[in-house]
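Architecture and fold: a report
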Amino acid sequence: MSGVFIEGIIASVLVLAVSVFFGFWGRKMTRNVSDYFVAGRSVGALNNGLAMVSLSLSLTTFLGLTALIFHGFYLAIAIYAAFSASFVGMLVLAAPYLRRHKSFTTMAFIGERFYSKNLRILSVFIMLVVSILYLIANIKGIGIVFEVLLGLPQVYGILVGGLVVTLYVMVGGMYGVTYSQSFQSVVMLFAIFVPVMIILRALGAAGWWFPPLGYGEMVPAMLSATPHYFFPFVVHPVWYIGIFLGSFFGIIGLPHFVMRFFTVRDAKEARWSAVFCTFLVGLVNTSVYALGFAGVYYVATRGVQVDIADYDKLLFILTDAIAGNGWLAITVGGALAAGISTVAGLLMIMGTGIVHDLYGTLRPNTSPEKLLKMATKVMFVVGVVVTLLSLRPPTFILVTILWAFGIAGTAFGVPMVLGIWWKRTTKEGAGAGMIIGFLTSFIPYVLIEIVGWEATMISRYLYGPLGWVKVMAFSIPITFIVTIVVSWLTKEPPAEVKATVDMMHGWSDYKEERYNGKALPITIVILSILCILSIFTLYDIFSVIG
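By convention here, each chain's residues receive numbers from 1 onward along its written sequence. Predicted model: local features are reported for residues with pLDDT of at least 70 only, side-chain atom pairs are reported and counted for 80 or more only, and whole-chain, interface and lining totals are derived from all residues. Computation of side-chain values covers all heavy atoms of the structure but excludes hydrogens and water.

To continue, consider the side chain of R41. Segments assigned H or I by DSSP are reported as helices when at least four residues long, segments assigned E as strands when at least two residues long, and all are numbered from the N terminus. With respect to the helices and strands, R41 occurs in the loop between α2 (33–38) and α3 (45–56). With a 1.4 Å probe rolled over the protein chains alone, any residue whose accessible area is under 20% of its type maximum counts as buried; one over 50% counts as exposed, and the rest are partly exposed. We treat Lys and Arg as the positive residues and Asp and Glu as the negative residues; His and chain ends play no part in the count. Salt bridges are defined as contacts in which a side-chain nitrogen from Lys or Arg sits within 4 Å of a carboxyl oxygen from Asp or Glu. No salt bridge is formed by the buried R41. Its closest oppositely charged neighbour is E112, at 7.9 Å. With residues up to four places along the chain from it excluded, the contact list for R41 reads R99, K102, S103, F104, F262, T263, V264 and R265. Contact definition: two residues touch when any of their heavy atoms are within 4.5 Å.

Okay, structure coming up:
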């Protein structure tokens, strides 16, 4: 398309207007710091589940993942499967236990579980790095949406979208963000399911009414059009381990996602909100894969060429070509909802982290009223700063998101899981693991994505398509090893800290032997060593294929 897209503008203005309305409505419900940061811990399971869906189905789903499916062939199957599985991991390993801890944020949980103000402050720094990476990718997606709407450069969309979200987050706090995200989730689900159904029907899939079925029926035709698409061995098997570990522990470590569990009424609500989220995200991920599949099939059979710079626009391109302007307008509105919902959650955790976890730790006697006033000002400043930082976005949205998952998984996911499931985890072990994990994942990101190195310049074993993903197969296991070994070598946590582990699991009494055995940490160390060693195997075979 070129020029101004009137129908899309109307749909997008409606999405933005309703979101801002919820922001001002949330302001009326906000009376104290707890209301502003965690919605008074009053959010129900369904409402929270929908809000989690909107966080999960960011513009990475609408734009980034479809681009990788279109460009990355079989590797995309592993990525979308790992994303879906990660929510099961969140449900089993973290959701109800985090809620029982009654923290406001990931940083507060780490500071309290590991009885260290220094670790809480370190966590704020890491949170800002992870959130900025996630933000930049999603604000770029908002820029793409405005480019489709107005035919203008992405920079204008980045500025407008970033500032609008900053407005309703600053005004409404967590109440405003929660209800906006629930609304945006409903918009997103409709805006992706129906257009994909229309596209699959137009391409001849009898199961178009349920996209995963439509995708399955088109496999023979797809194999005929692009026989190489389903070849899985273009990468070393450890690549798949890396993407699984990054997704599995990354989702547990992402601060803006974890924060949602601190807003619900109790652990049961936390568990059910995760169930709702897992179910809906699984449906959407399979539908998105069907969309990417349809894009490959469409291009292969119709002789259409798509520039690599436009891969992130695949959903818009197919909807425009097959479904028409009306559905394209709805899809654009859904994509905008996906972008602003995730950006809102990220701004919320960044502002909360700076005010509650950084300033509140350094100035513990600050009154709640002062913290509440500070929160709105900090939200505004953070929103403006990250919008400006996003003016130089990455080439591919999903690449930056994967890095954010990997860094969050090493620096936050590992210590959080061990902190929940192993009493012997100490502040020294958690601190050493967080630092090693952050450095072994963030330094490769800087060298590859900012400095411009090839991944093989860091190590020859990072060869092949998206070879840098194997960094996660090293950084997450080494974080586990360092955390466990240092914890064993240092003084046990205080009794009251170990008692919180039983409390998080719902026990009313305390027993020293619970979650305090040697089998779990020894097993983790052995598996981690095997994972790291596997990186250095089969080089002669897979380096040639890759």
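On to the packing of helix α19 (residues 427–451) against helix α20 (residues 472–489). For any two helices packed against each other, the geometry comes down to the angle between their axes and how far apart the axes lie. Two elements in contact, α19 and α20, have axes whose closest approach is 7 Å; the angle formed by their N-to-C orientations is 160°. Relative to α20, α19 is oriented roughly antiparallel. Of the two elements, α19 crosses α20, and the hand of that crossing is right-handed. Contacts between α19 and α20 involve E428, G429, A430, A432, G433, I436, G437, T440 and S441 from the first element and F474, S475, I478, T479, V482, T483, V486 and S487 from the second. Looking at the contact of α19 with α20, its residues break down into seven nonpolar, nine polar and one charged. With axes taken as lines fitted to C-alpha atoms, and helix axes fitted only over the stretch in contact, angles between N-to-C directions fall between 0 and 180 degrees. Roughly parallel covers angles under 35 degrees, roughly antiparallel covers those over 145, roughly perpendicular covers 65 to 115, and oblique covers all other angles. Should the near helix be turned anticlockwise from the far one by less than a right angle, the crossing is left-handed, and should it be turned clockwise, the crossing is right-handed. The nonpolar class holds Ala, Val, Leu, Ile, Met, Phe, Trp, Tyr, Cys and Pro. Asp, Glu, Lys and Arg form the charged class, and all remaining residues, Gly among them, are polar.

With that settled, the discussion passes to the pattern of salt bridges. Tallied over the full model, the rule gives eight salt bridges. Residues E492 and R424 are paired through a salt bridge, measuring 3.9 Å at the closest nitrogen-oxygen approach. With E492 in the loop between α20 and α21 (495–504) and R424 in the loop between α18 (397–421) and α19, this pair connects stretches of sequence that are 68 residues apart. You can call E492 partly exposed: its relative accessible area is 39%.

The next point concerns a nonpolar patch on the surface. A contiguous nonpolar surface patch, about 670 Å² in accessible area, is contributed by V485, W488, L489, I522, I526, L527 and L530. Of all the elements in the fold, those that place two or more residues in the nonpolar patch are α20 and α22 (519–534). The element best represented in the nonpolar patch is α22, accounting for four residues. Tracing the chain through its elements places I522 in helix α22. The patches reported here contain residues having more than 30% relative accessible area and no salt bridge. Joining distances are 9 Å for like charges and 5 Å for nonpolar side chains (Val, Leu, Ile, Met, Phe, Trp, Tyr). Per-residue and other accessible areas follow the Shrake-Rupley method at a 1.4 Å probe size, with only the shown protein chains counted as cover for residues.

Moving on, we get to the nonpolar core. Soluble globular proteins tend to bury their nonpolar side chains together. Buried residues of nine kinds, namely Ala, Val, Leu, Ile, Met, Phe, Trp, Tyr and Cys, make up a nonpolar core once their side-chain atoms join them within 4.5 Å. Core analysis: the biggest nonpolar cluster contains 170 residues, and F37, F257, M348 and W468 have the highest contact counts within it. In terms of residues, this core owes the most to one element, helix α8 (residues 117–150), which gives 17 residues. Those residues in contact with M348, other than ones at most four positions away along the chain, are Y36, F37, V169, G173, M174, V177, M259 and M379.

Further remarks concern the packing of aromatic side chains. In this scheme Phe, Tyr and Trp rings, the latter by its six-membered ring, pair at centre separations within 6.5 Å, and the angle between planes marks the pair as stacked below 30 degrees, edge-to-face above 60, and tilted otherwise. This structure, assessed with the given rule, holds 27 aromatic pairs. When the centroid spacing of 6.1 Å and the interplanar angle of 40° are considered together, the rings of W272 and F276 count as tilted. You can see W272 and its partner F276 sitting in helix α14 (residues 267–302), four residues apart, about one turn around the helix. Ring-pair connections join several aromatic residues into one group, and the members of that group are F125, W403, F438, F442, Y445 and W468. For a Lys NZ or an Arg CZ to count as sitting over a ring, it must be within 6 Å of the ring centre and within 35 degrees of the ring normal. Sitting over the ring of W208, R201 keeps its end group 4.8 Å from the ring centre. Between the NZ or CZ atom of R460 and the centre of the ring of Y539, over which it lies, the distance is 4.1 Å.

It is worth spelling out the environment of T342 at this point. Here T342 lies in helix α16 (residues 325–362). Note: C-alpha distance between T342 and S54 (288 residues apart in sequence) is 6.8 Å.

Residue placement: L398 occurs in helix α18. Overall, the relative accessible area of 3% leaves L398 in the buried class. Along the chain, L398 and Y134 lie 264 residues apart, while their C-alpha atoms are 9.4 Å from each other.

Averaged over every residue, the pLDDT of the chain is 84; the share at 70 or more is 92%. The quantity known as pLDDT measures the predictor's confidence residue by residue, on a range of 0 to 100. Here helix α4 (residues 59–72) stands out as the element of the chain with the lowest mean pLDDT, 66, in contrast to α20, whose mean of 97 is the highest.

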